[in-house]
Amino acid sequence: MTASPTRASGTASLQHVVAAQQFDRQRLASLFRLSEEMERVRLEGGHQLLPGRIMATLFYEPSTRTRLSFEAAMLRLGGQVLSTENAKDFSSAIKGETLEDTVRIVAGYSDCIVLRHHEEGAAARAAAVSPVPVINAGDGPGQHPTQALLDVFTIRQELGRLDHLHVVMVGDLAHGRTVHSLAYLLALYPGLRVTLVAPEPIGMSPGLIQHLLRHGARVDETDDLLAAVSDADVVYQTRLQVERLSQPLDPGRTGLERFRVDRRVMERMPEGAILMHPLPRVGEIDPEVDQDPRAAYFRQARNGVAVRMALLRSLLQP
Amino acid sequence: MTASPTRASGTASLQHVVAAQQFDRQRLASLFRLSEEMERVRLEGGHQLLPGRIMATLFYEPSTRTRLSFEAAMLRLGGQVLSTENAKDFSSAIKGETLEDTVRIVAGYSDCIVLRHHEEGAAARAAAVSPVPVINAGDGPGQHPTQALLDVFTIRQELGRLDHLHVVMVGDLAHGRTVHSLAYLLALYPGLRVTLVAPEPIGMSPGLIQHLLRHGARVDETDDLLAAVSDADVVYQTRLQVERLSQPLDPGRTGLERFRVDRRVMERMPEGAILMHPLPRVGEIDPEVDQDPRAAYFRQARNGVAVRMALLRSLLQP
Amino acid sequence: MTASPTRASGTASLQHVVAAQQFDRQRLASLFRLSEEMERVRLEGGHQLLPGRIMATLFYEPSTRTRLSFEAAMLRLGGQVLSTENAKDFSSAIKGETLEDTVRIVAGYSDCIVLRHHEEGAAARAAAVSPVPVINAGDGPGQHPTQALLDVFTIRQELGRLDHLHVVMVGDLAHGRTVHSLAYLLALYPGLRVTLVAPEPIGMSPGLIQHLLRHGARVDETDDLLAAVSDADVVYQTRLQVERLSQPLDPGRTGLERFRVDRRVMERMPEGAILMHPLPRVGEIDPEVDQDPRAAYFRQARNGVAVRMALLRSLLQP
C-alpha cells in the first residue's frame, strides 16, 4: 500500500478508501453510525446531501452488482454518476494508456472515482496520483474493502454487537478476498471465535490464521459443518472463486458440495444466528432457505447502499 | 403468467407490467389519458414528478432503442436511472446467478426494474420475487407490452378513435411479437377489421386469428397489398424477425419484397390513414415516403416516451 | 459538409457542431468567453443552467474519454444524460438501421445528440435529419471539432493570446485529425508560425501546408526537434494513429522514437512555453516531465469540460 490513504483514526477524514486495514474500531464506529443515518435517508427515498457532485465508476472488469450499488448510493445522496462498464478501452492495444494517466484525466471530470481493476495494487496506484478521492471497488486478488465494511455493518445491524462473536466461515477460504478482509476487521473486536469449514486444498492461509491468533481470537478448523453451526452467531458461506484459481479445480471434486447450506443445516443453527453470503451464489445455499428470517444475504446486499452512501458522504462532504 | 401482476381493471393500480393481457379497455383509457398529460409534460421539458426515485434498466440482451426510451421517460419525470446494457455478466459462466437472485439484489438498489430478457416468461419470474415494480421490456419470443401500448396510443392520437378500425398488418406476422400484442389489444374495441398480408410461411398463427374472430373482429387474408391498403385506417408494416427464426430463411426468398411500402403503395392509401412500423426497418418501407404526413413511425417511436412516463408514474406514485 | 450547420459568425447561434470550419475568430472569441465563465461554474461544482434537459451520447465506437468529458459537462450544467457506449447494436446485422433513422429516433428521446462514428461525414448526415442539435464527437478520419476547440482554448488560457504564436507540431502529422483541425483554427490568427517535426512517411499533407501558407502563416519542416522547440510557444506532441493507418507500419520503424519528449527536450523549451498532447499518450512523452509546470496536457484534458459546457449551453439555451 502506498502512503497516500490516510491511516489516522477516529474523526480524522479519509482521503481514499483503498484497504480494509485503513479502518480501526473508532473509525468503524463512526462509519457505522453514519451508515445507519444513511439507511434512514435511503428508506425516505434519498436526500439532496451531495447535489451537483459527480462520482465516476471506472470499471476495468465488469461487476454490475458492485457498480449499481455504488451508483444507487450516489443517486440517493442527490449526486450524479459518470459510468463506465468497460474501462479497458482506455488501455486497449490501439490506444494504450497507463492507469495513472486515465485516473488523472477522469479526476478532471469528476469529484470522486470508484475503481474496479483486475490487478492487485491498482487502487493504491490510482490513489497516489488522483487529486480526487479514490474508492477501491475490488482490485483483482487484492482488496474489496467496501464489501468487508458492509459485511461487518450487517452483523452489527442484525445482532446488535460486534464483540464475542462466533463466526463460522464456510467454503473457499483460500481465494475469497471477502473472508480475508472480514477476518481482519472482526479481529479488531474482543472475544472473537472463528471456525473454519473448508476442504483442505482451499482452506484459509496460515498467515491469516496467525493474524487472528495474534489478535486474541480463537480459531478452530473442522469438517463437521452441522456441529460448527450449532452454536454460531454468524455462518458466512462463500462460493468457489473459480476465476481466481491458479490451477483448474474440478468444482465437483472440491468437496464443497458437503458444505452446502440447506434446511437441514438451518435446523441446527441457533434461533438468533444469521446466514450471510457475499453473493452471487451458485448452489452453496439452497434457495429453500431464502424464506428463513435468519437468511440475511439479501439484506446484506442492500446494506451495501447505506455503507457506500456513508463513505461517499465522508469523502465528498466539504 | 404468474399470479403476481394485478389483473383488476380501471383505477385499480398495477403492481407490475408483464403482459398486454393485463390491460382491459378501462385501464387502457386511463393509461392513455395519463399518457396525453405526460406528453404535455415532455413537451415542456419534463417536470419533477418522481424526484429521487430510481429506475434500474436490467437488459440481458441489448436493445438500445427501448432502453433509451425508458430512461428518457424516467429522466423527464425528474427521476434517476441505473443502467445496465449487458446484464449477462450477472449470470456468466464464472459467477452464475439466477434471474431471481439478481432481481432481488437490484430491487435493493432501485424503486423499479425494467427488464429485457431473452427467455419467454422471464418478466413474470422476476415479478414473482421482486419487492419493487417490474416492467417487461421484452422477454424473448414472449411479450413486449409497452410496445403494444404505445402502438395503440399512437393510433388513438393519430386517428382520434380506437373502434371500427380497418388495420392492415403486413410482413412477418408469424414472429413479430409486436403484431400479436397489438392484435390482442385492438380486439378489445368494437368493429375491428384486420387484413393480413404476409407470405405463407410467416403468416399469422391460427390461434391468434381464432382469438380475433372470437372477439367479433373480421379477418381477411390477401396477397394484394395495394387493394388491402386502399380502405385501410392503419397500415402496420413489420420487418422479418431474422433473429427469431427457428430455421434460417433466405431474406430474399420470403416473398416479403413484394410487400415493401413505397410511394406507389402510399398513393393507394386513404388520406386519413397512417403508416406505422415498430422500427427498426431494414428496407420494408422506402425512405422516400418519410416526408408523407401519413408516415407515423417516428411519431410512434416518440410516443413511447409519454406512454412509459405514464406507466412509471402509475407504478411509482405514492 | 451539408448545408445544415450554420456558418454565420459572431453571436448568431449555432444549430449543430459538425466541423472546426464553422468557427471564425468572432465565434471563437464568444465561445472562449463563455468557456471561461463555464470554467468558473465547474470550479463551483456546477450550476442548474440546463435543468431537465437531456443529452444523448450516441457512440458507434468506444471513446470513454470523450464520452465522459461530454457527460461531465452536461451534468455540471444541471442536465441529464442518456448514454450509449456501443451504439452499433442499432445497426447490427440482425436489426440493421440507417444512421439517419437512429438519429431521428434518439432525437425523440433527447434535446441534443453527441455523435461518435467511424465513418467520415456521419455527423453531417446526422445533422441533416436531426430536429435537435448534433455535436460531432469524432467521425472516423474526419473531424473532431470539440478537441480542436479545447486545444485552442487551452493555448489562450495558458499563454493569454492566440496571435503571433510559434507552434511546433510533432509526431504523426499525417493521420492525427487533431493537428489538422488545430492548424485550421490557428490559421485564423495573425502571425502564425508552424514548425513541423515528423518522419517523412507520416508528415503533414501538402494540402494543409498550402492552406497555412495561403493564410499567411510561416511553415517550416525540420528533423531537429531540439532546435525547433528552443523558441516555441507551444509544442504539440501526438501519438502514432495506428488505427488509421491504411498499411501496417512497424511502430519501431517510424522514426517517431527520435521525437519523444523527455527532460532533455524540456530543458530546451522556453520558460513560458507549454507542452500539449491530445492524449492518450503511449510513450511519446516521458512521464518524468509530468511535474514540469509547462506540461499542460492534463489541464488541456480538463479544459474539455468547460468548452463542452459552453457549446451545450449555446446550443440548448432557450
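Rules used in this analysis
- Residues numbered from 1 in each chain as written.
- Chains lettered and ligands numbered in written order.
- Predicted model: local features only at pLDDT ≥ 70, side-chain atom pairs only at ≥ 80, totals over all residues.
- Heavy atoms only, no water.
- Contact = heavy atoms within 4.5 Å.
- Buried area = accessible area lost by both parts, 1.4 Å probe.
- Salt bridge = Lys/Arg side-chain N within 4 Å of Asp/Glu carboxyl O.
- Polar contact = N/O pair within 3.5 Å; in protein donor to acceptor, adjacent residues only side chain to side chain.
- Helix = DSSP H or I, 4+ residues; strand = E, 2+ residues; numbered from the N terminus.
- Nonpolar A, V, L, I, M, F, W, Y, C, P; charged D, E, K, R; others polar.
- Buried < 20%, exposed > 50% of the residue type's maximum accessible area, 1.4 Å probe, protein only.
- Pairing = 2+ DSSP bridges.
- Domains from an automatic or database assignment.
- Axes fitted to C-alpha atoms, helices over the stretch in contact; angles between N-to-C directions.
- Core = buried A, V, L, I, M, F, W, Y, C linked by side-chain atoms within 4.5 Å.
- Least-squares fit on C-alpha atoms with pLDDT ≥ 70 in both.
- Expected span 1.5 Å × (residues − 1).

**A closer look at the interface of chain C and chain A**
Right, on to step 1. On the chain A side, the residues contacting the 27 residues of chain C number 23 residues.
Right, on to step 2. When the two sides are added together, the surface that chain C and chain A hide from each other amounts to roughly 2,200 Å², 55% of it contributed by carbon and sulfur.
Right, on to step 3. In terms of surface lost to chain A, no three residues of chain C exceed Arg65, Leu68 and Arg76 of chain C, which account for 26% of the buried area on that side.
Right, on to step 4. A salt bridge links Arg76 of chain C to Asp111 of chain A, with the shortest nitrogen-to-oxygen separation between them at 3.0 Å.
Right, on to step 5. Viewed at the interface, chain A and chain C are joined by five residue pairs in polar contact (both at pLDDT 80 or more).
Right, on to step 6. Looking at the side of chain C that touches chain A, the elements with two or more residues in it are helix H2 (64–76) and helix H10 (297–316) of chain C.
Right, on to step 7. Among the elements that make up the side of chain C that touches chain A, the one with the highest residue count is H2 of chain C (nine residues).
Right, on to step 8. Across the side of chain C that touches chain A, the residue classes break down as 10 nonpolar, five polar and 12 charged.

**Focus: the interface of chain A and chain B**
Right, on to step 1. Taken together, the contact between chain A and chain B spans 27 residues of the former and 23 residues of the latter.
Right, on to step 2. Roughly 2,300 Å² is buried in total at the junction of chain A and chain B, and carbon and sulfur atoms are behind 55% of that figure.
Right, on to step 3. Together, Arg65, Leu68 and Arg76 of chain A form the three largest contributors to the area buried by chain A at its contact with chain B, with a combined 25%.
Right, on to step 4. The interface formed by chain A and chain B holds four salt bridges in total.
Right, on to step 5. Salt-bridge contacts for Asp101 of chain B lead to Arg281 of chain A; the nearest nitrogen and oxygen are separated by 2.6 Å.

**Comments concerning the pairing of strand S3 (residues 112–117) of chain B**
Residues and elements named next belong to chain B.
Right, on to step 1. The buried fraction of S3 amounts to six of the six residues, a majority that puts the element mostly inside the structure.
Right, on to step 2. Alternating positions in S3 separate into two faces, Cys112, Val114 and Arg116 on one and Ile113, Leu115 and His117 on the other, with burial throughout.
Right, on to step 3. Where strand S1 (residues 54–59) and S3 come together, five bridges link them in parallel fashion. Of the residues in S3, the one forming a bridge with Phe59 is Arg116.

**Brief notes about the pairing of strand S8 (residues 234–237) of chain B**
All names here are of chain B.
Right, on to step 1. The two faces of S8 match: Val234 and Tyr236 on one face and Val235 and Gln237 on the other face are all buried.
Right, on to step 2. Across four bridges, the pairing between strand S5 (residues 166–170) and S8 is parallel. Directly across from Val167, in S8, lies its bridge partner Val234.
Right, on to step 3. Two strands pair when backbone bridges link them, and S8 and strand S9 (residues 274–276) are joined in this way by three bridges, in the parallel orientation. Bridging across to S9, Val235 finds its partner in Leu275.

**A closer look at the domain arrangement of chain A**
Residues and elements named next belong to chain A.
Right, on to step 1. Under the domain assignment, chain A is made up of domain 1 (20–144 + 303–316) and domain 2 (145–300).
Right, on to step 2. A separation of 26 Å is found between the C-alpha centroids of domain 1 and domain 2.
Right, on to step 3. Taken together, the contacts link 28 residues of domain 1 with 23 residues of domain 2.
Right, on to step 4. Where domain 1 meets domain 2, there are one salt bridge.
Right, on to step 5. As a salt-bridge pair, Arg156 and Glu36 come within 3.6 Å of each other at their nearest N and O atoms.
Right, on to step 6. In this structure, the connection of domain 1 to domain 2 is made through eight residue pairs in polar contact (both at pLDDT 80 or more).
Right, on to step 7. At the level of elements, helix H1 (25–43), helix H2 (64–76), strand S4 (134–139) and helix H10 (297–316) are the ones that each hand at least two residues to the side of domain 1 that touches domain 2.
Right, on to step 8. The element contributing the most residues to the side of domain 1 that touches domain 2 is H1, with six residues.

**Some words on the sheet that holds strand S4 (residues 134–139) of chain B**
Residues and elements named next belong to chain B.
Right, on to step 1. Within the open sheet, the four strands sit side by side as S2-S1-S3-S4. Their pairing is parallel. Across the chains shown, the open sheet's two edge strands, defined by having one partner strand only, are strand S2 (80–84) and S4. Mean inter-strand twist for the sheet, computed between neighbouring axes without regard to direction, equals 15 degrees.
Right, on to step 2. With four bridges connecting them, S3 and S4 associate as parallel partners. Counted as the bridge partner of His117 is Asp139 from S4.
Right, on to step 3. Strands in contact with helix H4 (residues 122–129) are S3 and S4; relative to S4, the strand with the most contacts, it is inclined by about 165 degrees.

**Quick look at the nonpolar core**
Right, on to step 1. One finds Phe23, Met169, Leu185, Met204, Leu212, Leu275 and Leu312 of chain B to be the most contacted residues of the largest nonpolar core, which totals 117 residues.
Right, on to step 2. Looking at which element gives the most residues to this core, the answer is helix H10 (residues 297–316) of chain B, with 12 residues.
Right, on to step 3. If sequence neighbours within four positions are ignored, Leu275 of chain B has contacts with Val235, Gln237, Val261, Met266, Met269, Ile285, Val289, Arg294, Ala295, Ala296 and Tyr297 of chain B.
Right, on to step 4. Formed by 114 residues, the second largest nonpolar core is a distinct cluster that contains Val17 and Met266 of chain A together with Val106 and Tyr109 of chain B.

**Regarding the relation of the copies chain C and chain A**
Right, on to step 1. Aligned on chain A, chain C shows an RMSD of 0.0 Å; the corresponding rotation is 120 degrees and the shift along the axis is 0.0 Å. The superposition operator between the copies reduces to a three-fold rotation axis.
Right, on to step 2. Little of the interface of chain C is mirrored in chain A, where only 7% of its interface residues are also at the interface.

**Some points on the sheet that holds S5 of chain B**
In any sheet, the strands associate via hydrogen bonds between backbone groups, in a parallel or an antiparallel arrangement.
All names here are of chain B.
Right, on to step 1. Strands sit in the order S7-S6-S5-S8-S9 across an open sheet of five strands; the sheet is parallel. Every other strand in the sheet has two partners, leaving strand S7 (218–221) and S9 as the edge strands with one partner each. Taking the axes of each pair of neighbouring strands and ignoring which way they run, one obtains an average angle of 20 degrees across the sheet.
Right, on to step 2. Across the face of the sheet, helix H5 (residues 145–159) comes into contact with S8 and S9 while running at roughly 165 degrees to S9.

**With respect to helix H5 (residues 145–159) of chain A**
Residues and elements named next belong to chain A.
Right, on to step 1. Between its terminal C-alpha atoms H5 stretches 21 Å, which fits the 21 Å expected from 15 residues at 1.5 Å a residue.
Right, on to step 2. Across the 15 residues that make up H5, a large majority, 12, are buried.
Right, on to step 3. Listed as buried for H5 are Pro145, Thr146, Gln147, Ala148, Leu149, Leu150, Asp151, Val152, Phe153, Thr154, Ile155 and Leu159.
Right, on to step 4. Just past H5, the residue Gly160 takes up positive phi, approximately 80 degrees.

**Some points on unusual backbone geometry**
Right, on to step 1. Cis geometry marks the peptide bond from Leu279 of chain B to Pro280 of chain B; its omega dihedral reads 0 degrees.
Right, on to step 2. For Pro280 of chain B, the location among the structural elements is in the loop between S9 and H10.
Right, on to step 3. Positioned with a positive phi, Leu279 of chain A is a non-glycine residue whose angle comes to about 60 degrees.
Right, on to step 4. Residue placement: Leu279 of chain A occurs in the loop between strand S9 (274–276) and H10.

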